[in-house]
Amino acid sequence: MAREKKCPECPPVGAPPWMATFSDLMTLLLTFFVLLISMSTMEVKKFAMAMTSLQGALGVLPGSAGNTLAITAIPMFQVGKGQVDQLLNDQVNKITEQLAMANIADLMNVQKSKDVLRISIAEGLLFDSGQAIIKATADTFLVGIAEILNIVPFEIRIEGHTDNIPIHTVRFPSNWELSYARALALGLKFAECEVNPDRFQLIGHGDQRPKADNSTPEGRSINRRVEIEVNLKDDVRKSLVPGE
């Protein structure tokens, strides 16, 4: 006699019990993130910059990518040292060409090596004699320098220098005050151009560090200057740039 086959148990009606707990968890997570976003503010421009930089670092952008944002507005240190160095070189060449076209190449010197970016600006381009108010005619070149400074996030030294002819005015009792005031004026100008002022180190050397002989008018003219220096050494990069 054939044995009767037992009918299998029918599955319970509805979703399994664990599904209810999982759904509750997902609902709570969704509510949490909605509240988190609602309590924060998202700046579209910064988000777009971060996305462009991330895509560039991953190598998914074509060579012409990034056209929607000014290239110097992107946090360039995130795209790799090789690209940063190339961008620096391109911007240095650009401002050098501008100086040559304006026939004032002798008033500004831009030098870049592997370890340092150094820009020296003569008094005649920036200030009237004995003053620390930046000339309006210098704005174009200073904006170009600010673009250079925004390519890398490292510390910026701005140093004011004078010749050895004493100055005695109400505002500037000595060359020390004048040289520092000029460094400060340049720092404030760069801050207006959205260079992070936390990066600045402002120094007034007075006439203590001449580049030329102060006994001649030509030498004194060379000594009246403001110098900008950015340290590009690898140890600085590693200490300041996450992931380097």
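The model shown is predicted, which means the values in this text are computed figures rather than measured ones.

Q: In this structure, what is going on with the nonpolar core? I would like to understand it.
A: The nonpolar side chains of a soluble globular protein tend to be buried with one another. If you look at the biggest cluster of nonpolar residues, it comprises 37 residues, and the most contacted ones within it are Met108, Ile121, Leu142, Ile145, Leu186, Phe190 and Ile228. Looking at this core, the elements that each hand over two or more residues are helix H3 (81-101), strand S1 (108-112), strand S2 (116-122), helix H4 (123-126), helix H5 (139-149), strand S3 (156-161), helix H6 (175-192) and strand S5 (225-231). Counting residues per element, this core draws most heavily on H5, at 6 residues. Among all residues touching Ile228, those that are not within four sequence positions of it are Leu117, Arg118, Ile119, Ile121, Ile145, Leu149, Ile156, Arg157, Leu186 and Phe190. Among the nonpolar cores identified, the runner-up in size contains 5 residues, and Ala132, Ile167, Phe172 and Leu178 belong to it.

Q: Help me understand the environment of Val143 in this model?
A: Here Val143 shows up in helix H5. Distance from Val143 to Glu192, taken between C-alpha atoms, is 9.5 Å for residues 49 residues apart in sequence.

Q: Got a minute to help me understand the confidence of the model for the protein chain in this structure?
A: Regions with low pLDDT carry predicted coordinates that are not meant to be interpreted in detail. For the protein chain, per-residue confidence averages 77 on the pLDDT scale, and residues scoring 70 or more make up 70% of the total. The secondary structure element of the protein chain with the lowest average pLDDT is helix H8 (residues 234-240), at 47, and the one with the highest is H6, at 95. Considering only residues more than four positions removed or in separate chains, one finds that residues 52-79, a stretch of pLDDT under 50, has 35 contacts. When the criterion is pLDDT under 50, residues 236-244 qualifies, and its contacts beyond four places in sequence or with other chains add up to 16 contacts.

Q: How do you make sense of the pattern of salt bridges when you look at a structure like this?
A: Pairing of side chains with opposite charge becomes possible as their charged atoms draw close. Using the criterion set out here, one finds 10 salt bridges in the structure. Across the pair Lys189 and Glu192 runs a salt bridge, and its minimum N-O distance is 3.8 Å. On the criterion of helical spacing, the pair formed by Lys189 and Glu192 is a turn pair, its members being 3 residues apart in helix H6. Judged by its relative accessible area of 16%, Lys189 is buried. Notably, a salt bridge pairs Lys211 with Glu227, separated by 4.0 Å at the nearest N-O pair. Separated by 16 residues along the polypeptide, Lys211 in the loop between strand S4 (200-204) and helix H7 (217-223) and Glu227 in strand S5 bring together distant segments of the chain. Overall, the relative accessible area of 51% leaves Lys211 in the exposed class. Exposure remark for Glu227: the relative accessible area of 14% places this residue in the buried category. Residues participating in the shared-partner salt-bridge network are Glu123, Asp163, Arg182 and Arg224.

Q: Would you mind going over the pairing of S2 with me for this structure?
A: On a regular strand, each side chain points to the face opposite its neighbour's, so the side chains alternate between the two faces of the sheet. Counting buried positions along S2 yields 6 of 7 residues, so the element is predominantly enclosed. By the bridge criterion, 5 bridges tie S1 to S2 in an arrangement that is antiparallel. Bridge pairing links Asn109 to Ser120 in S2. Pairing analysis gives 7 bridges linking S2 to S5, with the strands arranged antiparallel. By the bridge assignment, Ile119 is partnered in S5 with Ile228.

Q: Honestly, the side chain of Asn223 in this entry has me stumped. Any pointers?
A: Along the chain, Asn223 turns up in helix H7. Looking at Asn223, its side chain comes within polar contact range of the main-chain nitrogen of Ala212, at 2.8 Å. Here Asn223 is in contact with His161, Thr162, Asp163, Pro210, Lys211, Ala212, Asp213 and Asn214, once residues within four sequence places are set aside.

Q: Looking at this structure, how should I read a nonpolar patch on the surface?
A: On the surface, Trp18, Met19, Phe22, Leu25, Met26, Leu29, Phe32, Phe33 and Leu36 cluster together into a nonpolar patch covering about 870 Å² of accessible area. The residue Leu36 is located in helix H1 (residues 17-38) in this model.

What counts as what
Residues numbered from 1 in each chain as written. Predicted model: local features only at pLDDT ≥ 70, side-chain atom pairs only at ≥ 80, totals over all residues. Heavy atoms only, no water. Core = buried A, V, L, I, M, F, W, Y, C linked by side-chain atoms within 4.5 Å. Buried < 20%, exposed > 50% of the residue type's maximum accessible area, 1.4 Å probe, protein only. Helix = DSSP H or I, 4+ residues; strand = E, 2+ residues; numbered from the N terminus. Contact = heavy atoms within 4.5 Å. pLDDT = per-residue confidence, 0-100. Salt bridge = Lys/Arg side-chain N within 4 Å of Asp/Glu carboxyl O. Pairing = 2+ DSSP bridges. Polar contact = N/O pair within 3.5 Å; in protein donor to acceptor, adjacent residues only side chain to side chain. Patch = residues over 30% accessible without salt bridge, like charges linked within 9 Å, V, L, I, M, F, W, Y side chains within 5 Å. Areas by Shrake-Rupley, 256 points an atom, 1.4 Å probe, with all protein chains shown as cover.

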